[in-house]
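Tertiary structure, described
The residues making up each chain are set out below.
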Amino acid sequence: MNSSIREWLNLSVRWIHVFAGIMWVGQTYYFTWLDGQFTKLEKQADSTAAASKVWMVHSGGFYSVEKQKSLGVTPEQVRWFRWEALITWLAGVFLLVLVYYLGDGLIDSDVADISKQAGIAIGAVAIVAGWIIYDLAVRSPLGKSQAAFTGFGFVMTAAAAWGLTHVFSGRAAYIHVGAIFGTIMTLNVWMRILPAQRKMIAAAAAGDKFDASLGTQAKLRSKHNTFLAVPVVFLMLSNHYPVATYGSHYNWEIMLALVVAGWIAAKFIREF
């Protein structure tokens with residue numbers, strides 16, 4: 001591929017990836033914040049119908065949002081938020097293939113003397129396995145305990161960080177951990193949150209009582225996405241700071257520290 005074309009592809013897709021990600025993460029945090037406001041209102045013993053609305057000001061106007069327990073419009077009128085996640089992930093996968101699988105940044109012979117084909121296979125398996133392990137854990141008894149699941153997430157992240165930094169170049173290892181997190185976030189939306197929302201809308205449109213556990217599970221996955229988003233951004237930015245991050249002798253420990261810092265930051269952002 002011509003170097004000029006390759007650079008323009010990289011620039012264009014990176015712009016799409018970053019901008020779609022901004023829209024996706026922004027929406028995720030907005031609705032998480034909004035849901036938190038309604039939770040606070042519901043806990044107020046003296047809350048009234050008037051107090052059940054969340055008032056906001058933006059762009060020269062006042063806006064009120066009210067949480068409904070029934071569907072007052074047809075399903076076709078419901079606004080979905082889904083394409084931002086898919087576009088972000090597709091652009092990210094394209095960049096992963098372009099920069100690392102078709103480029104020269106994947107393998108470092110000083111780290112592990114393996115072929116590029118073997119490296120690509122390891123990378124793909126790591127991304128798929130990350131989702132499977134996470135999804136099974138959420139649906140297991142581990143997923144019912146926040147403390148236990150956090151501990152499990154820490155151990156699995158440490159294992160992925162250590163393992164990938166001993167197979168790939170430092171930069172590629174950081175990006176693959178980010179790709180694992182990004183894939184989990186995207187599949188949370190498309191395989192767990194959206195199907196639950198479809199069932200809720202169908203039940204509401206038919207006048208039936210929908211399964212409350214569907215909303216609970218969708219809310220949990222969305223919460224997890226807010227905690228994964230901040231580390232993903234850290235891992236993306238690490239490419240620009242090789243001495244401090246992936247190029248360090250303690251690269252996997254630094255990666256793990258960045259992820260934990262991201263989780264802590266996400267907790268403060270969620271409560272802001």
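This text goes with the structure placed above it.
An account of the accompanying structure is given in this report. (Residues numbered from 1 in each chain as written. Predicted model: local features only at pLDDT ≥ 70, side-chain atom pairs only at ≥ 80, totals over all residues. Heavy atoms only, no water.)

1. Digging into the packing of helix α3 (residues 116–139) against helix α5 (residues 170–205)
Rules: Fitted lines through C-alpha atoms give the axes, limited to the stretch in contact for helices. The angle between two N-to-C directions lies from 0 to 180 degrees. Helical segments are the DSSP runs of H or I of at least four residues, strand segments are the runs of E of at least two, and each set is numbered from the N terminus. Put simply, angles under 35 degrees are roughly parallel, angles over 145 are roughly antiparallel, angles from 65 to 115 are roughly perpendicular, and the rest are oblique. For a crossing to be left-handed, the near helix must be turned anticlockwise from the far one by less than a right angle; the clockwise case is right-handed. Pairs of residues are marked as contacts when any of their non-hydrogen atoms sit within 4.5 Å. Each residue gets one label: Ala, Val, Leu, Ile, Met, Phe, Trp, Tyr, Cys and Pro are nonpolar, Asp, Glu, Lys and Arg are charged, and the others, such as Gly, are polar.
α5 packs onto α3 with a crossing angle of 50 degrees between their chain directions and a minimal axis gap of 9 Å. By the angle class used here, α3 and α5 are oblique. Regarding α3 and α5, the two cross each other, and that crossing is right-handed. Within the contact between the two elements, α3 uses G123, A126, I127, G130, W131, Y134, D135 and R139 and α5 uses H176, A179, I180, T183, I184, L187, N188, M191 and R192. Its residues assigned to classes, the contact of α3 with α5 comprises 9 nonpolar, 5 polar and 3 charged.

2. Some points on helix α2 (residues 83–101)
Quick reminder: α-helices carry 3.6 residues per turn. Residues three or four places apart thus point the same way. What counts, and what does not: Each residue after the first adds 1.5 Å to the expected span of a helix. The rule is simple: take the accessible area with a 1.4 Å probe, protein chains only, and divide by the maximum for that residue type; under 20% is buried, over 50% is exposed, in between is partly exposed.
When the terminal C-alpha atoms of α2 are compared, their 26 Å separation across 19 residues agrees well with the 27 Å that a helix rising 1.5 Å per residue should span. If you check which residues of α2 are buried, you get E84, A85, T88, A91, L95, L96, L98, V99, Y100 and Y101. Its buried side turned inward, α2 meets α1 (3–43), α3 and α5.

3. Here we look at the pairing of strand β1 (residues 53–58)
The line we're drawing: Think of it this way: DSSP has to see at least two bridges between two strands before they count as a pair.
Judged from the 6 bridges that link them, β1 and strand β2 (residues 61–66) form a sheet pairing that is antiparallel. Pairing of K53 across the sheet is with E66, part of β2. The turn linking β1 back onto β2 is made up of 2 residues, and S59 within it adopts a positive phi angle of 50 degrees.

4. Description of the pattern of salt bridges
This is how the line gets drawn: For salt bridges, the criterion is a side-chain nitrogen of Lys or Arg within 4 Å of an Asp or Glu carboxyl oxygen.
Under the criterion given, the structure shown has 5 salt bridges. Across the salt bridge formed by K67 and D35, the nearest N and O atoms sit 3.6 Å from each other. Here the residue K67 occupies a position in the loop between β2 and α2, and D35 occupies one in helix α1, the gap between them amounting to 32 residues. The residue R192 makes a salt bridge to D135 at a minimum N-O spacing of 2.7 Å. In this pair, R192 is assigned in helix α5 and D135 in helix α3, connecting sequence segments 57 residues apart. Relative accessible area serves as the criterion here: at 4%, D135 is assigned to the buried category. One connected set of salt bridges, linked through shared partners, spans D135, R139, R192 and R221.

5. Structural notes on the environment of G182
Assignment of secondary structure puts G182 in helix α5. Exposure remark for G182: the relative accessible area of 14% places this residue in the buried category. Taking the C-alpha atoms as reference points, G182 and P231, 49 residues apart in sequence, are found 9.9 Å from one another.

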